[in-house]
Amino acid sequence: MTNPTDNTAGKKQDMKSTPRNPRRALAGMVAGSGLLLTGCATNAPQDIFQPKGPNAHDINQLQKLVFPIAGIVGVIVLALATYIFLKFRDRGQAIPSQAHGRPIVEITLTVVPALILSVVGVFTFRTIFDLAETQDTEMVINVTGQQWWWEYDYPVQEDFGINQPIITSGQLVMPVGTKVLLRETSRDVIHSYWIPALNGKKDAVPGRINLLRLEADKPGIYAGQCTEFCGLSHANMRMEAVALSKEDFAKWVANQQKPYAAPAAGTLAAEGEQVFLNQCVRCHQVNGQKRADGTAVIAAPDENVYSGAAPNLSHLMTRNTFAGAMFDLLRPACRKDVWSAKPEEFGAKYLAGVSEDCLNATDLRAWLRNAPAVKPMYADPTKLGPTDGKYRGMPALGLSETDIDKLVAYLLTLK
Amino acid sequence: MVRTRSVGPLEYPAASAVALGAVAYLFSRVMLNVSKSAGAALFIVIASVVVSVAFLAAYRPSFRGRPLVAVLALRAQLAKYSKEDPYSITHRECGPEESEHYDHHAGNAVNLRANVLATVFVKDGKAYAELIGIKKPVNSITIARSNDVNILFRNLDEKEHRMVIHLGEKAVAETGVVEKLENCTQLAGKNQEQLLTVNIKKPTIAMKDGYKIEVPGAEGEIEVIVP
């Protein structure tokens with residue numbers, strides 16, 4: 001009777017017939033080297049290994065412990081596996097005698113990992129509890145995610161001069177050295193809020209309020225990214241946390257609470273305000289805006305947008321980004337000037353807002369001309385059946401170039 | 001909203017079990033009440049009908065969809081009408097309890113604590129709110145526009161109270177009569193709690209008198225700000 005496992009000759013033939021492919025090996029090496037080289041990037045604003053606040057420092061300290069341990073264990077396991085694969089590979093030799101039960105080995109292989117996991121567990125749990133601490137909160141900001149932008153509203157907090165709620169989007173502005181508690185939720189699907197330099201991720205879930213604490217050591221801008229797949233433009237759902245000194249934060253708060261100032265009559269901006277009232281106000285609110293008869297202008301995003309909200313554009317030009325922080329409101333040179341400012345100069349540069357000279361008119365005009373062409377969104381009016389005719393994102397408004405000129409002039413007045 | 005999220009998923013299996021029980025019960029009544037020979041004939045007829053319908057459903061797709069489509073269309077229509085009339089959703093009688101049949105002995109304990117934006121307390125005849133992250137009691141809360149928000153009401157007073165949220169006014173379409181829009185919890189006794197879910201579509205500036213929460217019979221109002 002033929003031994004079914006005795007097919008050594010066939011295997012040897014197979015091994016001989018498999019040619020080595022040096023090109024494939026080279027490609028693998030290049031890809032692996034490229035992956036390693038990404039660790040050398042200097043312009044990496046979302047680098048998790050460059051913490052800029054105590055919460056991110058805690059996470060970094062934990063990874064300094066866990067990664068080497070995991071790395072050493074990984075290397076040992078891979079080396080042993082490779083050694084065993086090579087040393088005992090099938091050369092047609094007889095199957096060695098099968099032994100079962102080596103108490104010393106089995107106890108060692110149980111106790112050593114248990115000890116390692118216990119050490120890792122102690123530090124991990126301590127960090128988790130530290131990060132979950134909310135009793136020492138100094139400031140609260142409500143964060144609401146929706147496809148594909150973040151809204152921030154600041155409840156009344158007189159300690160920070162916030163006497164009436166502030167609402168903004170794209171950039172979260174916070175004071176330095178302050179324990180800020182984000183109360184996260186979502187209006188449509190699950191999103192996840194992540195500013196790597198300041199803390200870990202936290203999901204924003206419809207109907208739930210999840211808490212995430214942020215604190216920044218120094219003034220500056222810290223980039224982030226939605227990290228829960230949330231639809232077509234998930235990759236374009238970005239955010240930035242802007243940390244200002246307490247004095248500069250007070251100035252920002254005071255500016256956000258300034259009443260609306262309509263553009264002077266007869267100007268291009270005044271004509272732009274009319275375009276805004278005819279088109280944009282269906283979804284976008286500008287607090288304090290009034291119609292000619294003196295009635296307050298109330299946007300109706302709940303009637304037009306699936307999530308029920310669109311970014312409030314009050315004081316738009318005090319922000320540096322638009323369209324869910326996908327685009328910069330500042331031209332590259334001006335943006336670089338703000339991003340690379342020294343901490344002591346950062347506040348003044350950020351609070352200067354967006355001037356006409358620094359405006360990134362190219363992207364803003366492209367957005368106003370045809371928003372879905374520059375950011376993928378569910379905004380085709382012929383395909384809105386599943387959402388009862390409501391948009392997810394901003395539709396193309398069909399504005400003329402003249403209207404866009406007027407609108408840009410008007411938006412520049414929103415400071 | 002609470003019904004949709006918490007009870008909704010249980011409704012279909014519960015209703016299916018009841019329907020199945022009803023069918024089994026009815027079958028047993030019929031079988032026990034007809035003679036052996038008549039019963040055989042009756043069930044041959046019923047089985048033939050079932051087989052015929054199943055055959056049609058299997059081989060004529062156009063037939064298969066019709067009953068289901070009809071049921072779904074009816075359901076969609078009902079859902080549409082229930083959504084279209086916000087007055088019926090938001091308006092409740094929030095004054096003194098006039099009904100003698102409300103659940104006076106309800107547990108009044110709420111388990112949705114992770115989802116609560118604000119907790120409104122009434123204690124020693126005074127109403128106040130507490131917010132996650134803010135240590136001292138507040139007399140204003142901020143609610144994001146067009147978002148479901150849960151507000152917990154906890155009665156620490158000796159008397160029974162309910163929490164009422166005032167959401168402005170609305171003209172009734174048929175009559176033009178302007179009525180107050182308000183929503184409220186059930187009455188809660190001492191140390192009991194109730195949850196109210198609200199979704200406010202318009203910012204505070206759209207309202208002449210704004211939005212507010214109060215506890216009838218207790219001092220203090222809590223301003224609700226929708227930025």
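Rules used in this analysis
Residues numbered from 1 in each chain as written. Chains lettered and ligands numbered in written order. Predicted model: local features only at pLDDT ≥ 70, side-chain atom pairs only at ≥ 80, totals over all residues. Helix = DSSP H or I, 4+ residues; strand = E, 2+ residues; numbered from the N terminus. Rg over C-alpha atoms; globule rule 2.2 N^0.38 Å. Contact = placed C-beta atoms within 7 Å. Buried ≥ 20, exposed ≤ 12 C-beta atoms within 10 Å, placed from the backbone. Pairing = 2+ DSSP bridges. Axes fitted to C-alpha atoms, helices over the stretch in contact; angles between N-to-C directions. Parallel < 35°, antiparallel > 145°, perpendicular 65-115°, else oblique. Left-handed = near helix turned anticlockwise from the far one by under 90°. Nonpolar A, V, L, I, M, F, W, Y, C, P; charged D, E, K, R; others polar. Domains from an automatic or database assignment. pLDDT = per-residue confidence, 0-100. Core = buried A, V, L, I, M, F, W, Y, C linked by C-beta atoms within 7 Å.

Attention shifts here to the overall build of chain A. Within chain A one finds 12 helices and 12 strands. Taking 22 Å as the expected radius of gyration for a compact globule of 415 residues, we find that chain A reaches 29 Å, considerably beyond that expectation. Referenced to the eigenvectors of the C-alpha coordinate spread, the extents of chain A come out at roughly 100 × 50 × 40 Å. Sequence-distant contacts, at least 24 apart, represent 68% of the contacts inside chain A between residues at least 6 apart.

It is worth spelling out the overall build of chain B at this point. Of regular secondary structure, chain B possesses 4 helices and 10 strands. Within the span of chain B, comprising 227 residues, buried residues form 26% of the whole.

A few words now on the pairing of strand β3 (residues 134-138) of chain B. Inspection of the sheet shows strand β2 (residues 126-131) of chain B paired to β3(B) by 2 bridges, in the antiparallel sense. Note that in β3(B) the partner of Leu131(B) across the bridge is Ile134(B).

Turning our attention to the packing of helix α10 (residues 361-369) of chain A against helix α12 (residues 401-411) of chain A. All names here are of chain A. Put simply, α10 and α12 touch, their axes get as near as 10 Å, and they point 125° apart. When the axes of α10 and α12 are compared, the pair comes out oblique. Between α10 and α12 lies a crossing whose hand is right-handed. Taking contact as the criterion, the partners of Ala361, Leu364, Arg365, Leu368 and Arg369 in α10 are, on α12, Ile404, Leu407 and Val408. Its residues placed into classes, the contact of α10 with α12 shows 6 nonpolar, no polar and 2 charged.

A word on the sheet that holds strand β9 (residues 220-225) of chain A. Residues and elements named next belong to chain A. On the basis of which strands lie adjacent, the open sheet formed by 3 strands has the order β4-β10-β9 and mixed pairing. Only two strands of the sheet have a single partner each, and these edge strands are β4 (171-175) and β9. Neighbour-to-neighbour, the strand axes of the sheet open up by a mean angle of 20°, direction not taken into account. One ladder, built from 5 bridges, connects β4 with strand β10 (residues 238-244); its direction is parallel. Within β10, the residue paired with Val173 across the bridge is Val242. The sheet strands contacting helix α5 (residues 246-256) are β4 and β10, and the helix crosses β4 at an angle near 130°.

Cis rather than trans, the peptide bond between Gln147(A) and Trp148(A) has omega equal to -10°. When you line up the elements, Trp148(A) lands in the loop between β1 (139-146) and β2 (149-154). Of note, Ala325(A) is a non-glycine position whose phi angle comes to about 60°, a positive value. Here Ala325(A) is to be found in the loop between β11 (321-322) and β12 (327-328). Despite not being glycine, Asp124(B) has its phi angle at roughly 50°, a positive value. Assignment of secondary structure puts Asp124(B) in the loop between β1 (116-123) and β2.

Turning our eyes to something else, we now look at the sheet that holds strand β9 (residues 211-214) of chain B. All names here are of chain B. Spatially, the 5 strands line up as an open sheet ordered β4-β10-β9-β6-β7, and their pairing is mixed. Here the strands that pair on one side only, and so sit at the sheet edges, are β4 (140-142) and β7 (178-184). Neighbour-to-neighbour, the strand axes of the sheet open up by a mean angle of 30°, direction not taken into account. Bridging between β9 and strand β10 (residues 221-225) involves 4 bridges; their strand directions are antiparallel. Bridge assignment links Ile213 to a residue of β10, and that residue is Ile222.

Residues and elements named next belong to chain A. Along its sequence, chain A is carved into domain 1 (46-132) and domain 2 (138-415). Relative to domain 2, the C-alpha centre of domain 1 lies at a distance of 44 Å. By residue number, the principal contributor to the side of domain 1 that touches domain 2 is helix α3 (residues 54-87), which donates 4 residues. When the residues that make up the side of domain 1 that touches domain 2 are grouped by side-chain class, the tally is 6 nonpolar, 4 polar and 2 charged.

Let us look at the confidence of the model for chain B. All names here are of chain B. Per-residue pLDDT for chain B has a mean of 80; in total, 75% of the residues score no lower than 70. Taken element by element, chain B is modelled with least confidence in helix α4 (residues 86-90), mean pLDDT 41, and with most confidence in β9, mean pLDDT 94. Contacts from residues 85-91, a stretch scored under 50 in pLDDT, to residues over four places away or in other chains number 8 contacts. Listed scores for the predicted complex are pTM 0.78 and ipTM 0.77.

What follows concerns the nonpolar core. Within soluble globular proteins, side chains that are nonpolar tend to cluster in buried spots. Membership of the largest hydrophobic core comes to 115 residues, with the highest contact counts inside it found for Ile141(A), Leu214(A), Ala241(A), Val120(B) and Ile151(B). Non-local contacts of Val120(B), meaning those with residues more than four positions away in its chain, are made with Ala127(B), Ala129(B), Ile151(B), Phe153(B), Met163(B), Ile213(B) and Ile222(B).

Taken together, the contact between chain B and chain A spans 22 residues of the former and 27 residues of the latter. Of the residues in the side of chain B that touches chain A, the class split is 11 nonpolar, 6 polar and 5 charged.

Here is the key point about a regular strand: its side chains alternate between the two faces of the sheet. By the bridge criterion, 6 bridges tie strand β6 (residues 164-171) of chain B to β7(B) in an arrangement that is antiparallel. Residue pairing for β7(B): Ala171(B) is matched across the bridge by Val178(B).

We now examine the environment of His161(B). Assignment of secondary structure puts His161(B) in the loop between β5 (149-155) and β6. Leave out the neighbours within four places in its chain, and His161(B) touches Val122(B), Asn155(B), Leu187(B), Ala188(B), Val215(B), Gly217(B) and Ala218(B).

Residues and elements named next belong to chain A. Relative to each other, helix α6 (residues 268-278) and α12 sit at 105°, their axes nearing to 7 Å. Accordingly, the angle class assigned to the pair α6 and α12 is roughly perpendicular. Taking contact as the criterion, the partners of Leu268, Ala269, Glu271, Gly272, Glu273, Val275 and Phe276 in α6 are, on α12, Asp403, Asp405, Lys406, Leu407, Ala409 and Tyr410. For the contact of α6 with α12, the residue count by class is 7 nonpolar, 1 polar and 5 charged.

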